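Coordinates in review
Now for the letters of each chain:
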Amino acid sequence: MRTLANTEIESCQEEIEKLKHQIAGLLIQREEADDNDLIVEVTAGVGGQEAMLFTAEVFDMYQHYASHKNWSFDILEYYPSDLGGLRHATASVGGLEAYKNLKFEGGVHRVQRVPRTEKQGRIHTSTMTIAILPQPSEINLVINPKDLRIETKRASGAGGQHVNTTDSAVRIVHIPTGVVSECQQERSQIKNKEKAMQVLRAKLYSMKLEEETNKRYNARKIQIGTKGRSEKIRTYNFPQDRVTDHRIGMSLHNIEGFMLGEELLDEMIQSLSDYADYESLMDIISESSSEDL
């Protein structure tokens with residue numbers, strides 16, 4: 001009888017946990033863009049060539065993560081450095097709850113390690129920045145063509161005769177906001193215009209969401225849906241084989257495994273999502289308590 005009772009207790013506890021998650025899911029308001037695709041934008045920061053090398057590694061990590069989640073990953077811009085690093089890149093990511101999973105990855109990522117070019121074995125600190133921009137649907141955002149200034153020019157950088165003979169690069173300016181989007185990735189001016197427009201729409205939609213979100217969640221530690229460009233959110237410490245997310249105080253070991261963009265990155269992302277849900281519930285409880293008073 002005791003064994004039967006213990007088994008029943010365990011079963012009831014599991015059911016209680018499931019019900020708790022279901023209740024939390026019903027209480028927590030989903031973000032407007034949670035089901036949207038997104039654009040991930042990476043930019044090398046402080047640290048010269050080492051920052052660019054790290055930026056390339058992080059970009060590859062997210063590409064592998066997209067593959068791990070069975071998402072699409074379409075590179076829109078890619079500006080490499082001389083030593084195999086990456087100055088700046090953007091990619092369109094699409095799939096089930098892509099933005100919901102990646103929306104907390106935006107911000108400053110810091111790496112601490114001995115660079116390949118360091119001859120005396122000193123540890124350097126470098127940074128790179130990530131922006132996560134949800135892609136709007138036609139319903140979410142309407143852009144007046146009269147508000148756009150579209151310019152074409154010859155592409156710069158590697159590309160041989162194509163670069164010197166065709167005006168394929170496209171630059172689009174949204175006049176009311178001053179937001180700019182450029183693309184020279186493709187040989188076709190039409191394709192570059194499409195990709196530049198895709199990035200521009202995502203930037204404008206992100207600005208709209210950020211404005212609405214800040215009004216609703218101004219006191220939160222994790223800002224849902226913001227780019228967080230100025231905030232240092234994560235440190236990759238290679239000598240200690242440790243990745244730390246400073247927003248939730250979580251550390252994972254095995255950097256090599258983390259950079260594969262599979263289970264360890266997924267674990268970190270899920271922890272951030274759980275913490276954001278917890279904050280949402282605390283907001284709801286706090287608001288309910290205030291109303292009762």
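None of the values given here were measured: they were computed from a predicted structure. (Residues numbered from 1 in each chain as written. Predicted model: local features only at pLDDT ≥ 70, side-chain atom pairs only at ≥ 80, totals over all residues. Heavy atoms only, no water.)

This part covers the pairing of strand 10 (residues 242-245). Because side chains alternate across strand 10, one face comprises the buried residues Arg242 and Thr244, and the other comprises Val243 and Asp245, equally buried. In this sheet, strand 10 lies alongside strand 9 (residues 232-237) in antiparallel orientation, the contact comprising four bridges. Among the inter-strand pairings, Thr235 is bridged to a residue of strand 10, identified as Thr244. Following strand 10, the chain reverses through four residues before pairing antiparallel with strand 11 (residues 250-253); Gly249 in that reversal takes a positive phi of roughly 65°. (Buried < 20%, exposed > 50% of the residue type's maximum accessible area, 1.4 Å probe, protein only. Helix = DSSP H or I, 4+ residues; strand = E, 2+ residues; numbered from the N terminus. Pairing = 2+ DSSP bridges.)

This brings us to the pattern of salt bridges. Overall, the coordinates contain twelve salt bridges when judged by the stated rule. Glu57 is paired through a salt bridge with Arg113; the nearest N and O atoms lie 2.9 Å apart. With a gap of 56 residues between them, Glu57 in helix 2 (residues 48-68) and Arg113 in strand 4 (residues 107-113) connect regions that are remote in the sequence. Overall, Glu57 belongs to the partly exposed group, its relative accessible area being 23%. Arg113 gets classed as buried once you look at its relative accessible area, which sits at 11%. Residue Arg171 pairs with Glu182 through a salt bridge whose shortest N-O separation is 3.4 Å. Of this pair, Arg171 sits in strand 7 (residues 169-174) while Glu182 sits in strand 8 (residues 179-183), and the two are eleven residues apart along the sequence. Three or more residues joined by partner-sharing salt bridges are found here, namely Arg149, Glu151, Lys153, Arg171 and Glu182. (Salt bridge = Lys/Arg side-chain N within 4 Å of Asp/Glu carboxyl O.)

All right, on to the side chain of Arg234 then. Mapped onto the elements, Arg234 comes out in strand 9. In this structure the side chain of Arg234 is engaged in a polar contact, spanning 2.7 Å, whose partner is the side chain of Glu105. (Polar contact = N/O pair within 3.5 Å; in protein donor to acceptor, adjacent residues only side chain to side chain.)

Phi is positive for Asn70, which is not a glycine, with a value near 60°. Relative to the helices and strands, Asn70 is located in the loop between helix 2 and strand 2 (72-80). For Asn70, a relative accessible area of 72% translates into the label exposed. With phi around 85°, Asn254 is a residue other than glycine that occupies positive phi space. Positionally, Asn254 belongs in the loop between strand 11 and helix 6 (255-258). Taking the relative accessible area as the measure of exposure, Asn254 reaches 36% and is therefore partly exposed.

Summarising the model, the protein chain shows a mean pLDDT of 83, and 81% of its residues fall at 70 or more. Considering only residues more than four positions removed or in separate chains, one finds that residues 159-164, a stretch of pLDDT under 50, has nine contacts. Per-residue pLDDT stays below 50 along residues 223-229; that stretch engages in 27 contacts with residues further than four places along the chain or on separate chains. (pLDDT = per-residue confidence, 0-100. Contact = heavy atoms within 4.5 Å.)

Right, let's talk about the packing of aromatic side chains for a bit. Under the counting rule described, the total for this entry stands at five aromatic pairs. With a centroid separation of 5.6 Å and an interplanar angle of 85°, the aromatic rings of Tyr65 and Trp71 are classed as edge-to-face. Pair check on accessibility: Tyr65 and Trp71 agree, each one buried. Taken together, the ring pairs connect Phe54, Tyr236 and Phe258 into an aromatic cluster. Sitting above the plane of the Phe238 ring, Arg113 keeps its charged end 4.9 Å from the centroid. (Phe/Tyr/Trp six-rings, centres within 6.5 Å; stacked < 30°, edge-to-face > 60°. Lys NZ or Arg CZ within 6 Å of the ring centre and 35° of its normal.)

Helical geometry note: an α-helix holds 3.6 residues per turn, so side chains three or four residues apart project in the same direction. Helix length check: helix 2 (21 residues) gives 30 Å between terminal C-alpha atoms against 30 Å at 1.5 Å per residue, within 8%. Phi turns positive, to about 60°, at Asn70, one or two residues after helix 2. (Expected span 1.5 Å × (residues − 1).)

A separate point is the sheet that holds strand 10. With mixed pairing, eight strands are arranged side by side in an open sheet as 2-3-1-5-4-9-10-11. Two strands in the sheet have a free side with no partner beyond their single neighbour: strand 2 and strand 11. Along the sheet, successive strands turn relative to each other by an average axial angle of 15°, direction set aside. As paired strands, strand 4 and strand 5 (residues 124-134) are joined by seven bridges and run antiparallel to one another. Residue pairing across strands places Arg110 opposite Thr127, the latter belonging to strand 5. In the packing of helix 2 onto the sheet, the strands contacted are strand 1 (38-44), strand 2, strand 3 (86-94), strand 4, strand 5 and strand 9, and the crossing angle to strand 3 comes to about 10°. (Axes fitted to C-alpha atoms, helices over the stretch in contact; angles between N-to-C directions.)

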